[in-house]
Every structure is written in structure tokens, then in C-alpha cells.
Amino acid sequence: MKVKICGITNIEDALYAVECGADALGFVFYKNSKRYIKPEKAKEIISHLPPFVFSVGVFVNENPEKVNMIASETKLNAVQLHGDEDLTYLAKINYPIIKAFGVNENFDWNVLSKYECNILLDTYSNNYGGSGEKFDWNLIPNEIRNRIILSGGIDVNSLSMIVNEIKPAAIDLSSSLEQMPGKKDHNKIKIFFEEFKNHWR
Ligand SMILES: O=C(O)c1ccccc1NCC(=O)[C@H](O)[C@H](O)COP(=O)(O)O
């Protein structure tokens, strides 16, 4: 199970998360987010990451040409589309895509079969993401559990259920590891990865 830490805004948090075991880092290029990072700053951080750490840019309903431009300039490995982007939009993107879906009790699970890219399930939120809230993971159909990226309110206390019951391909978390939006708490990161390794390896 891979772990992505999202909402990275500074080099100290990036390197510490990687040192503790993060496989991927997320950079939020959505200006309305409290975790927004300018592409130039993300580029600088990404240039200091060790090999084999995956860099993901998070976008919400951004102009697709701008997504491609930022992905190229900052050297992203993938783009996470966290808004209302449809298949026509996705066809304009030149980079590996993670399509995020906001889940609530009314979510139409059939829609996922139309998407061939990686799927991230997050809690439905008017702000699109980074809510720190869980959705009801029991709603996730069994047949897709092992290929999704699970997200939304994941914290150290979620690990038992994630590892033993949901068993997703990857998890993605942000809020539970923060001091405040955009600044990670290194002690929380350390404890999270210690517990993750206890549960998973
Ligand atoms: O983090 C944000 O502020 C954000 C805003 C708009 C779209 C996506 C955003 N973040 C993406 C993520 O951090 C994660 O993919 C996911 O939402 C998990 O967040 P959390 O519930 O805070 O662990």
C-alpha cells in the first residue's frame, strides 16, 4: 500500500515526509485552498526530492492547458483532478491522471467504470478537498477496493480498518498531519508512519 501526503507547501515538510516513508507528495495548485502553493515554489521543492518519490499536482477545474503547462514546468509525475472534470476534459491532459471523486451517500458508483485512469475517493465537500472528514468507507464496492486511492479524513486511528478491511492500493492524507493548513506537524508524521509500518509490513 502506497502513501501520499498531500498539501505540501515547504521543503522541510516534504523531505521529512519522504524520510518517514511517503511514496508520493501532493502540491495543491487550487488558489482557493489554504494549502495553495505557487508552481515556482513546488518546482523548487520537487527538484530537491530523492529519486522514485512521486510528485502529484492537485487541480480543481483548472484550464487544461494550464494544467499541462504547470505539470511540465514543475516536473510533476501525475496530475490529480479534484473538481468536476469530465472525460472530454481528461482527454486534453498530457500527463498520468488521478481523478478524484467526492463521495457522499448519493454518489453514483456506476460513473467510475467510465474512467480508465487512477481513481481517488475523497469525502464530498463544497471546498472540493482537504476537508479532514471521512465518508462511509463501507459504501465502497468490494470489487474496486484494491485499486482505489482512499482519502478523506485519514488519520493514525484509521489504519486498522484501512489495512484489515478496505485494503486500497494507496492512501492519501493531509489534514490529520497538520499543525495548521499548509504546515505539517513532524511529530504527527513520525507517529503516523511508525503505526503504518506496524500495520502494513
Ligand atoms: O487540501 C486542500 O485544501 C484541497 C483543496 C481542494 C482540492 C483538493 C485539496 N486537497 C487534496 C488532498 O489533500 C487530499 O487528496 C484529500 O482531500 C485528503 O484530505 P484530508 O481529508 O485533509 O486528509
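What counts, and at which threshold
For every chain, the first residue of the written sequence is number 1, and numbering continues from 1 along that sequence. Whole-chain, interface and lining totals are the exception, using all residues; otherwise, since this is a predicted model, local features are given only for residues with pLDDT of at least 70 and side-chain atom pairs are given and counted only at 80 or more. Side-chain metrics rest on all non-hydrogen atoms present in the structure, leaving aside hydrogens and water. Pairing of aromatic side chains requires ring centres within 6.5 Å, counting the rings of Phe and Tyr and the six-membered ring of Trp. Pairs whose planes differ by under 30 degrees are stacked, by over 60 edge-to-face, and all others tilted. In this description a helix means any DSSP run of H or I spanning at least four residues, a strand means any run of E spanning at least two, and both kinds are numbered starting from the N terminus. Think of it in three bands: residues with accessible area under 20% of the maximum for their type are buried, residues over 50% are exposed, and the middle band is partly exposed, with areas taken using a 1.4 Å probe on protein chains only. Two thresholds decide whether a charge sits over a ring: the Lys NZ or Arg CZ must be within 6 Å of the ring centre and within 35 degrees of the ring normal. By this rule the span expected of a helix is its residue count minus one, scaled by 1.5 Å. Directions pointing from the helix axis toward each C-beta atom define the arc. Pairs of residues are marked as contacts when any of their non-hydrogen atoms sit within 4.5 Å.

Caption draft 1: Up close: the packing of aromatic side chains. This structure, assessed with the given rule, holds seven aromatic pairs. Between tyrosine 30 and tyrosine 128 the ring centres are 6.0 Å apart and the planes differ by 90 degrees, which places this aromatic pair in the edge-to-face class. Remark: tyrosine 128 occurs in the loop between β6 (118-123) and β7 (148-151) and tyrosine 30 occurs in the loop between β2 (24-28) and α2 (39-47); sequence separation between them is 98 residues. By relative accessible area, which is 25% here, tyrosine 128 ends up partly exposed. Arranged with centres 4.8 Å apart and planes meeting at 85 degrees, the rings of phenylalanine 107 and tryptophan 109 form a pair that is edge-to-face. Since its relative accessible area comes to 14%, phenylalanine 107 is described here as buried. One residue, lysine 99, lies across the ring of phenylalanine 101, its end atom 4.9 Å from the ring centre.

Caption draft 2: Just helix α6 (residues 186-200), in detail. Helix length check: α6 (15 residues) gives 21 Å between terminal C-alpha atoms against 21 Å at 1.5 Å per residue, within 8%. Restricting attention to buried positions, one finds in α6 the residues Ile189, Phe192, Phe193 and Phe196. Angularly, the buried residues of α6 cover 95 degrees about the axis, an arc narrow enough to put them on a single face. Against β1 (2-5), α1 (11-20), α5 (159-166), β8 (170-173) and β10 (183-184) lie the buried residues of α6.

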